[in-house]
Amino acid sequence: MKIRPAWSAFAALLSLVALMTTCSARAADPVTPDAAKIVAEREARIGWFREAKYGLFIHWGLYAIPAGEWKGQPVPGIGEWIMNRAKIPVPEYAALAKQFNPVKFDAEAWVQLAVDAGMKYIVITSKHHDGFAMYRSKVSPFNIVDATPFARDPIAELAAACAKHGIRFGFYYSQSQDWHEPGGAGNNWDFPANGEKDKSGAYDKYLREKAEPQLRELLTNYGPTCLIWFDTPQMMSAGRSQRFTELVRSLQPACLIDGRLGASGDYESTGDNAIPPANKVGDWETPATINHTWGFKKDDHDWKSPGEILFKLVDIASKGGNYLLNVGPTAEGVIPQPSQDNLRAVGAWLKVHGEAIHGAGRSPFGPEFGEFSATQKDRAGRPLFLKRDDWRCTTKPGKLYFTVFGEALPRDGFALPAFKNAIKKAYLLGDPSRTVLTTNLGADGVRVVPVPRPAPVAIANVICVEIEGDAVQL
Ligand code: JFZ
């Protein structure tokens, strides 16, 4: 295992440097034992996340009822923001709870979808910005058990199903925005004096009396939590973030904190749907929609195809990140069928090619991502990045996986990027007999893997190249 530990050590060093530069009180100190311990603990926590690569995000709440339409009018924007976009008063929005009865909800079926899709973790909205708890909460009666005819705790049912199927389970929790509470951030249509303008201490009261105790409930009542996905850290000062960090660490030391708490978490969350153009150091995750909304919207049918999802997954993995792909179940508790179909299509591919993704490390190359144009400029006047999407590379000790997109493999064979290691053998993961493809040497010294046509798999093929030594030598 040379590639990963070398990388881990580098990441550890980076975190250590970050830690030393951010902890101003210690800026002048050498590496303290404390700092080393913090880094070591983080390294231990993050291991599963580095292996997982692919997770299911679920945005589910009362907003699934209006599903993008209020009083007969379509409301533009993402579905779970409807209360904000339509400036719906708290009592009117809260009345939705009386109609919420997702009788078709089936935790087993949802978790089975994640399993079939080849995903390794699930993150669900336990409370979104609307302030509604999707689990049994003693802290606030505005929750699915106490306020709806459904009166079941879907989070408890999902936790049990995840444990049964070996899927890790985590929670999205909107710590700062809570449009239901006068002290929460974000609702300036009912509470114009809230937020930064409010000097009465209402925000901290909200944090201490709702957000922190609810977080405590989540981390106490549902078994091991793989991560907490905080979001939109408005007004999350260092001190406030620290309280949340301490709460998570004290209740579940193995639980990861995402990149949107306020203080730096265990990994970086990119912008929504944002995939970095090239290899990106550190641990990171791209949260992404499968259409154009997180919460269900009845008029959004623009689903990403299996080919698009697969490209993004391999692209992200080859740059060192994780893909957290979202579904928005309906108010009946059903995950839209096109989401299911497209996720399962990628899952079928992963059944055969999963070793190129799960537990695999980033590309040692780079030119395959694309290049900056010598002539064209982007809107900011910088050289335009011309993305390439022919192939991506992921790695394991002694192995390089070249995922080649498209139906046809190159007619003249796949030209390998330059590296020094001798090649032991090459074969297609999609070829059940694993026929060895004997590499040819081109006139220019380029090694070429001859590939069969037609290719065995339509959507994308993986050429596994086994090399001498664990790590690639460039
Ligand atoms: C937030 C939420 O407001 C949204 O409803 C959804 O839950 C999404 C996953 O997260 O929206 C954001 C937050 C951060 C960025 C973009 C959208 N960002 O950093 O680019």
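Residues numbered from 1 in each chain as written. Predicted model: local features only at pLDDT ≥ 70, side-chain atom pairs only at ≥ 80, totals over all residues. Heavy atoms only, no water.

## Thoughts on the pattern of salt bridges
Two side chains that carry opposite charge are able to pair once their charged atoms sit near each other.
Point 1. With the rule as written, the count across this model stands at 28 salt bridges.
Point 2. Note that R249 is salt-bridged to D266, the shortest N-O span being 3.1 Å. Remark: D266 occurs in the loop between β7 (256-257) and β8 (268-269) and R249 occurs in helix α9 (residues 238-251); sequence separation between them is 17 residues.
Point 3. Each of R42, E43, R50 and D283 takes part in salt bridges that share partners, so that together they form one network. (Salt bridge = Lys/Arg side-chain N within 4 Å of Asp/Glu carboxyl O. Helix = DSSP H or I, 4+ residues; strand = E, 2+ residues; numbered from the N terminus.)

## A word on the site of the ligand
Point 1. Taken together, 13 residues sit near the ligand, with H59, E80, H129, D231 and D272 positioned nearest.
Point 2. Between the ligand and the protein, one listed contact pairs an oxygen atom with a side-chain N or O atom of H128 at 2.8 Å.
Point 3. Contact distances for the ligand include 3.5 Å between an oxygen atom and a side-chain N or O atom of Y172.
Point 4. Isolated, the ligand exposes 450 Å² of accessible area, and the fraction of that covered by the protein chains is 73%. (Near = heavy atom within 4 Å. Polar contact = N/O pair within 3.5 Å; in protein donor to acceptor, adjacent residues only side chain to side chain. Areas by Shrake-Rupley, 256 points an atom, 1.4 Å probe, with all protein chains shown as cover.)

## Points about helix α11 (residues 337-353)
Point 1. In a regular helix each residue adds 1.5 Å, so 17 residues correspond to 24 Å; α11 covers 24 Å between its end C-alpha atoms and thus fits that length.
Point 2. Among the residues of α11, S339, Q340, N342, L343, V346, G347, W349, L350 and H353 are the ones counted as buried.
Point 3. Against β1 (54-58), α5 (107-117), α10 (306-318), β10 (321-327), β14 (399-405) and β19 (460-467) lie the buried residues of α11. (Expected span 1.5 Å × (residues − 1). Buried < 20%, exposed > 50% of the residue type's maximum accessible area, 1.4 Å probe, protein only. Contact = heavy atoms within 4.5 Å.)

## Structural notes on the packing of helix α8 (residues 202-221) against α9
Point 1. Viewed as axis vectors pointing N to C, α8 and α9 meet at an angle of 20°, and their least axial separation amounts to 10 Å. When the interaxial angle is binned, α8 and α9 end up roughly parallel. Where α8 crosses over α9, the two elements pack in a sense that is right-handed. Facing α8, whose interface residues are Y203, D204, L207, R208, A211, E212, L215, R216, L219 and T220, α9 presents R240, R243, F244, L247, V248 and L251.
Point 2. A breakdown of the residues in the contact of α8 with α9 according to their chemical character gives nine nonpolar, one polar and six charged. (Axes fitted to C-alpha atoms, helices over the stretch in contact; angles between N-to-C directions. Parallel < 35°, antiparallel > 145°, perpendicular 65-115°, else oblique. Left-handed = near helix turned anticlockwise from the far one by under 90°. Nonpolar A, V, L, I, M, F, W, Y, C, P; charged D, E, K, R; others polar.)

## Let's talk about the environment of V115
Point 1. Residue position: V115 is located in helix α5.
Point 2. Sequence spacing of V115 and I167 is 52 residues, and the spatial spacing of their C-alpha atoms is 7.5 Å.
Point 3. With residues near it in sequence (within four places) discarded, V115 still touches H165 and I167.

## Here's the deal with the domain arrangement of the protein
Point 1. Examined at the domain level, the protein breaks down into domain 1 (5-45), domain 2 (53-356) and domain 3 (367-467).
Point 2. Taking the mean C-alpha position of each, domain 2 and domain 3 sit 36 Å from one another.
Point 3. A per-residue breakdown of the area domain 2 buries against domain 3 is headed by F311, E355 and A356, which together make up 38% of the total.
Point 4. At the junction of domain 2 and domain 3, the tally comes to two salt bridges.
Point 5. With a shortest N-O distance of 3.7 Å, E355 and K399 are connected by a salt bridge.
Point 6. At the surface where domain 2 touches domain 3, the tally comes to five residue pairs in polar contact (both at pLDDT 80 or more).
Point 7. Elements with a contribution of two residues or more to the side of domain 2 that touches domain 3: α10 and α11.
Point 8. Looking at which element gives the most residues to the side of domain 2 that touches domain 3, the answer is α10, with eight residues.
Point 9. Grouping the constituent residues of the side of domain 2 that touches domain 3 by class yields ten nonpolar, four polar and three charged. (Domains from an automatic or database assignment. Buried area = accessible area lost by both parts, 1.4 Å probe.)

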